[in-house]
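The chain contents come next:
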Amino acid sequence: MDSLPLLADHPYASFLDQVEKPARYAGGEVGSVVKDWASVEARVCLAFPDVYDIGMSHLGFKILYKLLNDDPRTLAERCYAPWVDMEAQLVKRGLPLVSLESARPLRDFDVVGFSLQFELTYSNILTMLHLGGVPLRAEDRGEDDPIVIAGGPTATHPEPIAPFLDALVIGDGEEKATEVALTWTRLKREGVPRRERLIAIARLGAVYVPSLYATRLDTDTGLEVVDRPLVDGIPFPIDRALVDLNQYPFPDESPTGGPEAIFDRMSIEIARGCTEGCRFCQAGMIYRPVRERDPEQIVDTVMRAVQKSGQDEVSLTALSTADVSCISPLVKKVTDRLTKERISLGVSSLRAYGLEPDLLDELKRVRATGLTFAPEAGTQRMRDVVNKNVTEEQLLETAERVFSRGWGKMKLYFMIGLPTETDEDVRGIVETGARAAGAGRRAAGKGKPVDVTVSVSTHVPKPHTPFQWAAMDTLAEVGRKQQLLKDTVRPYRAVTLKTHEAHASVLEGIFARGDRPLADVLERAWRSGARFDSWDDQLKLSVWEEAFAHFGVDRARYLGTLPVTARLPWDHIDVGLEEGFLAKEYRKALQSRLSPPCGKVAGTFVHHTNLEDARADTRRLVCYDCGVACDMTQMREERMTFLDRLGAHKRSLPVLTGEAASQPALTGEAASQPALTGEAASQPALTGEAASQPALTGEAASPPADAAPSPEDPARAEAAPPRRAPAPKGRGGFRYRFRFEKTGPMALLGHLDVVRELPRVLRRVGAPMTYTAGFHPKPDMTFSPALSLGVISLDEYVDLRLERDLDPAALEALVASMSAASPRGLAFRGAVKLGPEDPALSKLIAGARYALAFARSSIGADAEAVLAARCSAALSAASLPIRREIERIAKMVDVRQYLVRAEVGGPDVLSALARAGLVGDLVALEVEVDIRGSGAVKSSEVAAVIAGEPGGAPGAIAPPPHRAVRLQLFGRAAPSGSAAGERFSLFDLERARRVKSAPEPAPSLALAADAE
Ligand code: SF4
């Protein structure tokens, strides 16, 4: 049976705490926007086909959310794929999948817009449509059903998912999202039939409406291709939308304060597109030309984003950040501003050759983790094939630089299965890692540990790349090469090899180059249980095997070499590349010939970092006439303007001529990614670099190396914390104790998420905290004991240090402003200033008072009498044993040892329940428990021993459906007569000071953390 609802009027309220990470579904984050549905013309549900934690890091989602909500004519709400446990609950209860903001089903929106990042999320799209009450297939949708659209990199080769979508936006979504939404709703209001509306949408340009095009079988390949439009006046092929990024500044705010996202920082897109031309990289091809954001705008956005989000880490992101023309002066300028605020800076996809050495030192100062680089291939020949413009000398130079600066770890990304690959190339991957480790050992000095991780994923040939015609390795071949890697790595102790499960990559390869008939396979596999196919622990190979077999699909057809002359299932989508450009690059690849980066002076790897040199260099910029027709004069002018705006007028690096660029000191490196490689997987629908990154083929679902620490995962915890500016020695600042409440969605948020959120709240209101000293400075704070998920609290505490000395009036004002800057359900109720001698919370907290609320109907009309009798029985028992299980280790706990008081609650308790958001015909118990240094008990254990029924494992007692509210935490005066000692408020500093010398109550927060 369900507990009492935690969130008023939410359809999931009664069972949210029965699913993993319930706050994923609760909303209420700072920066989430709830608009009045009646006030707008078009209501859009932005749907992300993966879990909240992944979708929340997605830049494209943030861009569209802000854009649509800033427009008075439109609103945007969010919906993420329900994890499997939530899906089971929704199916069991017959409930729809709803948006986070207004808890409305997807079917109620005018537009449902999916982000298409990755082929292995297709099955989740079907789940979301089905649970959202939207017919799966476009052909089955009626006049009142929403239009289902999608955008993102995968929209450029959408045939396997096309029958489930009404329309796809090709290219940048900034303009089209609003245009499609408003056109659709206007025509609907005018009574235009659905099909006519779709034709009008198709005529907007850069929109593909699959149902309006006929397909035919291509005899060269046996694949179904899109043949012709079925109505007049719609584009064929369909071109892509391209926006001027500076007309659409990157959003300086987005929802924050919910469960931790995989990239828990403020990521700012600084450029879209890429000049490097890696031949496996789809994003590098489909987002041409490179467009850089105005650096002044970037700096402003960064500073506003920091203030609004309160986050302590900012990341500048682009497909290849180091190849953004003004990256060096930009990083310097941003670093200067952020250092003052004690904010750390991450730079994704960085190449060491694009930075001055002192900037590497800067990175070292703020990032304790190792750095990540992506040489992609293990031999020079193979790097030439993939057009990775980097030499081994540069890579080794990079390794020397990294390890000589004190980093102990370095991660290198490679791929196997690239065209023309030989066993020598495969072995070369490990050998390159070993040589990097050797260079690192020499640079690090004697006795210093050096660890090089070689992470190897499987290449998936992607449409719209020079490798789109290349065969993908079979599973057997991938397995053989992985074994070869394992055999090769054996003698190298300093190299850690990581390979990736290849079944998912093969499935990705089939759907990447798939045609429309694969939609039937997808639907069948989904109906048989396919979900979250990119998650190793969720991929159900057998259902896919069965679905392919059922339709007699020959998978080799999708995985083999395709004729260069053949028409392909994605040829009707024009991403702007000249016909023949990709084929020419493919031929060059097969001849191991490089195409050096375009948009740079021939022979150089980096841009000029100052205006003086940029002006002096009048040499032509490289261009291959790929078809997107860059204006090279404008490109050159814009770069100089940007350098000027950043104040980078004079030379601070040697001039990078062709010769200079070959000198390792300046050019050393491959695509260096300071621990942000995985971010690719979550990049925006609009910038979709995902597809080109190794992370996508094997690690999309995995948290990145620098994701926030998890107490369950020591490796991650060790790798995670970025290092900030040196903390002052000792504990500076001024001590305060704050009291706060956790109700509604905050009761569903894990303790660690609350701990993360508090410093952000304080930064948002301009009251920064001080940090602990040491190697990994952290905000200096101590919380009262953690609560179990779903337990509401009206009396929580935290001791912390602020940089500022505040008088009582300023403190009161701060408390008021903190509530306004907090996620829904987090409210601050008071603060006191502590002196140096005031005991810490951990020395004071001796007990807690809870209300345990039950629906009267669950107990009966005489509920008070029944519960009173149960309380008496419990208090007169000598012991009240219960089984407690933590991480599968069970132990018996005697609740009686902690139970001080238990009685039926009076009107004051019922009014506290109402304040906690619990209303209805309730009956409550009021219980008081001890919290001791030796341990504590959970409220659910108290509810179980008083009113529960034995069941399950020996000693286990199931608590009855109830909702617990922590009413009070208190200290206890030194025992003087009464056994328990007199309770006192944790704000009563007079009494607290007297406790200091008392021998007994010395609760440990570490112990209490697992038992309220
Ligand atoms: S037009 Fe030339 S410079 Fe522009 S992206 Fe294509 S190859 Fe590069």
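Here is a short report on the structure shown in this document. For clarity, every value in this text was computed on a predicted model and none was experimentally measured. Each chain carries its own residue numbering, running from 1 in the direction its sequence is written. Only residues with pLDDT of 70 or above have their local features reported here, since the model is predicted, and side-chain atom pairs are shown and tallied only from 80 upward, although totals for entire chains, interfaces and linings are computed over all residues. Hydrogens and water molecules were not included; the side-chain quantities draw on all heavy atoms of the structure.

Quick look at the overall build of the protein
Step number 1: In DSSP terms, a helix is any run of H or I states spanning at least four residues, a strand is any run of E spanning at least two, and both are numbered starting from the N terminus. Assigned secondary structure in the protein consists of 34 helices and 31 strands.
Step number 2: Exposure categories follow from relative accessible area, calculated using a 1.4 Å probe and restricted to protein chains: below 20% of the type maximum is buried, above 50% is exposed, and the middle band is partly exposed. Relative to its 1012 residues, the protein shows a buried fraction of 63%.
Step number 3: Contacts in the protein between residues far apart in sequence, at least 24 positions, make up 78% of those at least 6 positions apart.
Step number 4: Computed with a 1.4 Å probe, the accessible areas rest on the Shrake-Rupley method; for each residue, only the protein chains presented here act as cover. Per element, the accessible surface of the protein, about 35900 Å² overall, is 52% carbon and sulfur. Should any heavy atoms of two residues lie within 4.5 Å, those residues are counted as being in contact.

Quick look at the packing of helix 4 (residues 122-131) against helix 16 (residues 518-527)
Step number 1: The axes are straight lines fitted to the C-alpha atoms, using for helices just the contacting stretch, and the angles between their N-to-C directions are given from 0 to 180°. Their axes nearest at 10 Å, the elements helix 4 and helix 16 cross at an angle of 65°. By the angle between their directions, the pair helix 4 and helix 16 is classed as roughly perpendicular. Here helix 4 and helix 16 pass one another in a crossing that is right-handed. Each of Tyr122, Ser123, Leu126, Thr127 and His130 in helix 4 lies in contact with helix 16, whose residues at this interface are Leu522, Glu523 and Trp526.
Step number 2: Taken together, the residues that form the contact of helix 4 with helix 16 break down as four nonpolar, three polar and one charged. By the definition adopted for this analysis, an angle is roughly parallel if under 35 degrees, roughly antiparallel if over 145, roughly perpendicular if from 65 to 115, and oblique otherwise. Two helices cross in a left-handed way if the nearer one is turned anticlockwise from the farther one by less than a right angle. They cross in a right-handed way if the turn is clockwise. Gly is placed with the polar residues, together with every amino acid not listed as nonpolar (Ala, Val, Leu, Ile, Met, Phe, Trp, Tyr, Cys and Pro) or charged (Asp, Glu, Lys and Arg).

Re the environment of Ile957
Step number 1: Mapped onto the elements of the fold, Ile957 is located in strand 29 (residues 957-958).
Step number 2: The spacing of Ile957 and Arg884 is 73 residues in sequence and 9.5 Å in space, taken between C-alpha atoms.
Step number 3: Discounting residues that sit within four places of it in the chain, Ile957 has contacts with Pro881, Ile882, Ala944, Val945, Gly948, Glu949 and Pro950.

Thoughts on the site of the ligand
Step number 1: If even one non-hydrogen atom of a residue comes within 4 Å of a molecule or strand, that residue is called near it. The immediate surroundings of the ligand are formed by Arg288, Cys598, Cys623, Tyr624, Asp625, Cys626, Val628, Ala629, Cys630 and Met632.
Step number 2: The class makeup of the residues in the shell around the ligand is eight nonpolar, no polar and two charged.

Quick word on the nonpolar core
Step number 1: Core analysis: the biggest nonpolar cluster contains 165 residues, and Trp544, Phe738 and Leu800 have the highest contact counts within it.
Step number 2: Counting 41 residues, the second-largest nonpolar core is a separate cluster that includes Ile845, Ala943, Val945 and Val995. Here, the term nonpolar core denotes a set of buried Ala, Val, Leu, Ile, Met, Phe, Trp, Tyr and Cys residues that are joined through side-chain atoms within 4.5 Å.

Here we look at the pairing of strand 30 (residues 963-972)
Step number 1: Burial runs high along strand 30: 10 of the 10 residues are buried.
Step number 2: Criterion used throughout: strands pair if DSSP finds at least two bridges between them. Bridging between strand 21 (residues 792-802) and strand 30 involves two bridges; their strand directions are parallel. Opposite Ile792, over in strand 30, you have Val965 as the bridge partner.
Step number 3: Taken together, the eight bridges between strand 23 (residues 845-855) and strand 30 define a ladder with antiparallel strand orientation. Counted as the bridge partner of Ile845 is Gly971 from strand 30.

What about the pairing of strand 8 (residues 224-229)?
Step number 1: Examined bridge by bridge, strand 7 (residues 213-217) and strand 8 share five bridges and lie antiparallel to one another. Bridging across to strand 8, Ala214 finds its partner in Arg228.
Step number 2: What sits between strand 7 and strand 8 in their antiparallel hairpin is a turn of six residues, with Gly222 showing a positive phi close to 80°.

Brief notes about the sheet that holds strand 1 (residues 42-48)
Step number 1: The mixed open sheet is built from six strands, whose spatial order is 2-1-3-4-5-6. Each end of this open sheet is capped by a strand with a single partner; those strands are strand 2 (74-80) and strand 6 (207-208).
Step number 2: Relative to strand 4 (residues 147-151), strand 3 (residues 111-115) runs parallel, the two sharing five bridges. If you follow Gly113 over to strand 4, its bridge partner there is Ile149.
Step number 3: Contacting strand 1, strand 2, strand 3, strand 4, strand 5 (167-169) and strand 6, helix 5 (residues 174-189) runs over the sheet at an angle of about 130° to strand 1.
Step number 4: Where helix 6 (residues 194-202) meets the sheet, its contacts fall on strand 4, strand 5 and strand 6, and the angle it forms with strand 4 comes to roughly 25°.

Looking at unusual backbone geometry
Negative phi values dominate among residues other than glycine, just as trans dominates among peptide bonds.
Step number 1: A cis amide bond links Phe236 to the next residue, Pro237, at an omega of 0°.
Step number 2: By secondary structure assignment, the location of Pro237 is in the loop between strand 8 and strand 9 (266-269).
Step number 3: Here the bond from Arg288 into Pro289 is cis, since omega is -10°, no more than 30 degrees from zero.
Step number 4: With respect to the secondary-structure elements, Pro289 resides in the loop between helix 7 (282-286) and strand 11 (291-292).

Some details on empty space enclosed by the protein
Step number 1: There is about 250 Å³ of room inside the largest cavity.
Step number 2: A pocket here means an open set of points on a 1 Å grid, computed over the protein atoms alone, that has protein on both sides within 12 Å along at least five of seven lines. A cavity is instead a set of points where a 1.4 Å probe fits but cannot get out; residues with an atom within 4 Å of a point line either one. Along the wall of the largest cavity there are 23 residues; nearest its centre are Leu46, Leu64, Ile149, Gly151 and Ala177.
Step number 3: Every element with two or more residues in the lining of the largest cavity is listed here: strand 1, helix 2 (59-70), strand 3, strand 4 and helix 5.
Step number 4: For the lining of the largest cavity, the class distribution of residues is 15 nonpolar, eight polar and no charged.
Step number 5: Grid points are joined across faces, edges and corners, and a volume is the space filled by probe spheres set on the points. For the second largest cavity, the calculated volume is near 210 Å³.
Step number 6: Contributing to the lining of the second largest cavity are 15 residues, with His607, His608, Ala614, Leu621 and Arg639 lying nearest its centre.

Regarding the sheet that holds strand 13 (residues 344-347)
Step number 1: Read from one edge of the open sheet, three strands run 9-12-13, paired in parallel fashion. In this open sheet, the two edge strands, each paired with only one partner strand, are strand 9 and strand 13. Adjacent strand axes in the sheet meet at a mean angle of 25°, parallel and antiparallel pairs treated alike.
Step number 2: Direction of pairing for strand 9 relative to strand 12 (residues 313-317): parallel, over a ladder of four bridges. The partner of Glu269 across the bridge, within strand 12, is Thr317.

With respect to the environment of Gly94
Step number 1: Among the structural elements, Gly94 can be located in the loop between helix 3 (84-93) and strand 3.
Step number 2: The class of Gly94 is exposed, set by a relative accessible area of 63%.
Step number 3: When the C-alpha atoms of Gly94 and Leu131 are compared, they prove to be 9.0 Å apart, with 37 residues separating the residues in sequence.

What about the packing of helix 16 against helix 17 (residues 541-550)?
Step number 1: Where helix 16 contacts helix 17, the axes come no closer than 9 Å and their chain directions differ by 140°. The angle between helix 16 and helix 17 falls in the class oblique. Crossing angle aside, the handedness with which helix 16 passes helix 17 is right-handed. Along the contact surface, helix 16 presents Leu518, Val521, Leu522, Arg524 and Ala525, while helix 17 presents Val543, Trp544, Glu546, Ala547, Phe548 and His550.
Step number 2: Here the residues of the contact of helix 16 with helix 17 sort into eight nonpolar, one polar and two charged.

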